[in-house]
Amino acid sequence: MTPSPSDGSTDDDALAPAEITDRLDGLEAGDTVRVNSREFPYEVVETDAYSVVAVDPNGHRVTISQNLQSGGWTINEPVFDVEPLEE
């Protein structure tokens, strides 16, 4: 089951968990990523198999982590969209 977006978008806009995993797996430290269509992007500072640590423009650290039972990803809400940004 795909998590329901909380920003007013529809479930049709949500990526499949496998697509989210593929996009997060492709990130490296220094990359910039937008999560769940948030206004400000995050800069990736660290990655491992089941999490991505990033900072927002104000310096707040967040961890995007994978639930090993469901395969879904969370930040402080279910992750439904991940967009790596070009520098």
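All of these numbers come straight from a predicted model, not from anything done at the bench.

Conventions adopted
Here the residue numbering is sequential within each chain, running from 1 through the sequence in written order. At least 70 in pLDDT is required for a residue's local features to be given in this predicted model, at least 80 for side-chain atom pairs to be given and counted, and no such filter applies to totals for whole chains, interfaces and linings, which use all residues. Each side-chain value is derived from all of the structure's non-hydrogen atoms; neither hydrogens nor water enter the calculation. Two strands qualify as a pair provided that DSSP identifies no fewer than 2 bridges between them. Per the convention used, a helix needs a DSSP run of H or I reaching at least four residues, while a strand needs a run of E reaching at least two, with both numbered from the N terminus. Contacts are assigned to residue pairs that have any heavy atoms within 4.5 Å of one another. Angles here are taken between N-to-C directions and fall from 0 to 180 degrees, while the axes themselves are lines fitted to C-alpha atoms, restricted in helices to the stretch in contact. Think of a salt bridge as a Lys or Arg side-chain nitrogen and an Asp or Glu carboxyl oxygen that are within 4 Å of each other. Only protein chains enter the accessibility calculation, which uses a 1.4 Å probe. A residue is then buried if its area is under 20% of the maximum for its type, exposed if over 50%, and partly exposed in between.

**Student:** In this structure, what is going on with the sheet that holds strand 3 (residues 51–55)? I would like to understand it.
**Tutor:** Strand pairing in a sheet relies on backbone hydrogen bonds, with the paired strands running either antiparallel or parallel. Overall, antiparallel pairing links the six strands, which are arranged 5-4-3-2-1-6 in an open sheet. Sheet topology places strand 5 (73–74) and strand 6 (82–85) at the edges, where each strand pairs with a single neighbour. Bridge count for strand 2 (residues 42–48) against strand 3 is five bridges, and the pairing is antiparallel. Across the sheet, E43 pairs through a bridge with V55, a residue of strand 3. Packed on one face of the sheet, helix 1 (residues 17–25) meets strand 3, strand 4 (61–66), strand 5 and strand 6 and runs near 25° to strand 6.

**Student:** Sorry, what's going on with the pattern of salt bridges here?
**Tutor:** Opposite charge on two side chains allows them to pair when their charged atoms are near. A complete count under the given rule lists three salt bridges for this structure. In this structure, R23 and E19 form a salt bridge, with 2.9 Å as the shortest nitrogen-oxygen distance. Note that R23 and E19 are positioned in helix 1 at a spacing of four residues, about one turn of the helix. The shortest N-O distance in the salt bridge between R23 and E83 comes to 2.8 Å. One end of the pair, R23, is in helix 1; the other, E83, is in strand 6, with 60 residues separating them in the sequence. Here E83 falls in the partly exposed class, since its relative accessible area comes to 33%.

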